Amino acid sequence: MHIAVAQFEPKDGDKSYNLSVMEQLAQKAKLEGADVISFHEMCITAYTFSKDLTLEELSNLAEVVPDGDSTQQLIEISSKYDIAILAGLVEKEGNVIYNTYLCVTKDGVIAKYRKLHPFISEFMSPGDRYVVFDLLGWKCGILICYDNNVIENVRATALLGAEVIFAPHVTCCTPSAMPGRGYVDHKFWENRFQDPEALRSEFDGPKGRGWLMRWLPARAYDNGVYYVFTNPIGYDGEHLKNGNSMVIDPFGDVLTETKSFDDTIALSKISKDKIPLSGGWRYKNARRPHLYKSIIGKPHQPELKPIWMLSKT
């Protein structure tokens with residue numbers, strides 16, 4: 001399977017614009033030989049700005065699935081270019097609102113996943129299940145942003161049979177307890193053409209890629225799966241994001257990665273022969289769940305908000 005990972009700079013609440021960019025990138029991906037293109041979390045609406053929306057405003061932004069306009073446009077784009085598309089939006093079902101990620105083909109919606117650990121808005125409800133689905137002969141799972149930081153979610157998705165995990169994000173370049181983390185000053189983005197090395201140093205350092213490399217390859221390696229990570233470039237709301245969308249193989253190696261400051265894609269071919277050779281495959285087969293099932297399932301009260309949001313409350 002040939003997978004394209006995308007990065008683009010969204011406009012807050014401008015579905016028409018965001019979908020138009022996504023169509024351009026889907027066409028580019030198809031011309032370069034991709035079977036699938038994956039976009040970032042809530043790419044159709046943008047993400048960060050939703051933290052400041054009222055319930056009414058968020059509800060007006062949300063759409064039903066599959067009959068909403070955005071989902072139908074995704075299916076049209078998928079049909080037009082004969083490419084599977086994975087993309088995120090705000091979904092409503094009755095009065096309940098979700099951060100949702102879809103996989104569509106010309107045949108319609110073939111998978112729908114609701115974020116398990118939403119925190120950007122108090123009006124978003126969490127999903128209640130893992131999703132594993134068939135795509136072009138592969139078993140695929142979805143985990144949105146923070147869901148991937150909870151390692152039990154990744155293991156559960158892998159144990160359900162996922163060979164590929166799509167991991168749409170809006171992440172990096174925000175404060176954290178980890179040394180070196182924090183926001184990237186606007187001056188670096190403003191001067192990105194005059195001094196690209198300075199911005200790349202910020203994006204690839206501990207504020208961005210350096211943080212990702214502490215844990216993202218481990219999710220793929222420990223579970224013997226391919227990881228398809230996507231992230232916006234430029235501003236999402238008031239937060240500057242570093243892109244670095246990438247495909248990681250079951251050995252934890254980066255196969256392809258976006259490295260420009262523009263709306264673009266990176267493409268990689270994945271093959272199943274690596275999976276049974278990976279350490280993660282062996283580790284899953286070596287498990288002794290009777291030792292720890294009662295520990296892992298012990299009742300627990302979750303705390304979801306990251307440091308950058310706690311500092312604003």
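Basis of the calculations
Residues numbered from 1 in each chain as written. Predicted model: local features only at pLDDT ≥ 70, side-chain atom pairs only at ≥ 80, totals over all residues. Heavy atoms only, no water. Buried < 20%, exposed > 50% of the residue type's maximum accessible area, 1.4 Å probe, protein only. Helix = DSSP H or I, 4+ residues; strand = E, 2+ residues; numbered from the N terminus. Pairing = 2+ DSSP bridges. Phe/Tyr/Trp six-rings, centres within 6.5 Å; stacked < 30°, edge-to-face > 60°. Lys NZ or Arg CZ within 6 Å of the ring centre and 35° of its normal. Axes fitted to C-alpha atoms, helices over the stretch in contact; angles between N-to-C directions. Parallel < 35°, antiparallel > 145°, perpendicular 65-115°, else oblique. Left-handed = near helix turned anticlockwise from the far one by under 90°. Contact = heavy atoms within 4.5 Å. Nonpolar A, V, L, I, M, F, W, Y, C, P; charged D, E, K, R; others polar. Disulfide = S-S within 2.5 Å.

## Regarding the pairing of strand β11 (residues 239-242)
What you see with β11 is no split at all: H239 and K241 on one side and L240 and N242 on the other are buried throughout. When strand β10 (residues 233-236) meets β11, the two strands line up antiparallel, connected through four bridges. Residue pairing in the sheet places I233 in a bridge with N242 of β11. Between the antiparallel neighbours β10 and β11 lie two residues, among them G237 with a positive phi of about 60°.

## Considering the packing of aromatic side chains
All chains considered together, the criterion is met by seven aromatic pairs. Centre to centre, the rings of W138 and Y226 are 5.9 Å apart; their planes meet at 75°, and the pair counts as edge-to-face. Placement of the pair is W138 in strand β7 (residues 138-142) and Y226 in strand β9 (residues 226-230), with a sequence separation of 88 residues. Taken together, the ring pairs connect W189, F203 and F261 into an aromatic cluster. Over the ring of W138 we find K272, and its NZ or CZ is 5.2 Å from the ring centre.

## A word on the packing of helix α1 (residues 15-31) against helix α3 (residues 69-81)
Put simply, α1 and α3 touch, their axes get as near as 10 Å, and they point 20° apart. The angle between the axes of α1 and α3 places the two elements in the roughly parallel class. Like other packed secondary-structure pairs, α1 and α3 cross with a definite hand, here right-handed. Only S70, Q73, L74, I77, K80 and Y81 of α3 make contact with α1, whose side of the interface consists of K15, L19, M22, E23, A26, Q27 and K30. A per-class count over the contact of α1 with α3 returns six nonpolar, three polar and four charged.

## Examining the state of the cysteines
Put plainly, two cysteines are in a disulfide when a covalent bond ties their sulfur atoms together. Under the counting rule described, the total for this entry stands at zero disulfides. The cysteine C172 is free of any disulfide, with C173 supplying the nearest cysteine sulfur at 5.8 Å.

## As for the sheet that holds strand β2 (residues 36-38)
If you walk across this open sheet you meet the six strands as β5-β4-β3-β2-β1-β14, and the pairing is mixed. With partners counted over all chains shown, the strands left at the sheet margins are β5 (108-114) and β14 (264-269), one partner each. Pairs of neighbouring strands in the sheet enclose a mean axial angle of 30°, with direction left out of account. Direction of pairing for strand β1 (residues 2-7) relative to β2: parallel, over a ladder of three bridges. Bridge pairing in β2 places V5 opposite S38. Contacts from α1 reach β1, β2, β3 (84-93) and β14 within the one sheet, and its direction differs from that of β14 by about 35°.

## Focus on the packing of helix α4 (residues 151-159) against helix α7 (residues 209-223)
Running from N to C, α4 and α7 cross one another at 35°; their axes reach a closest spacing of 10 Å. Crossing hand, α4 versus α7: right-handed. In this structure, α4 contributes I151, V154, R155 and A158 to the contact, and α7 contributes R219, D222 and N223. Its residues placed into classes, the contact of α4 with α7 shows three nonpolar, one polar and three charged.

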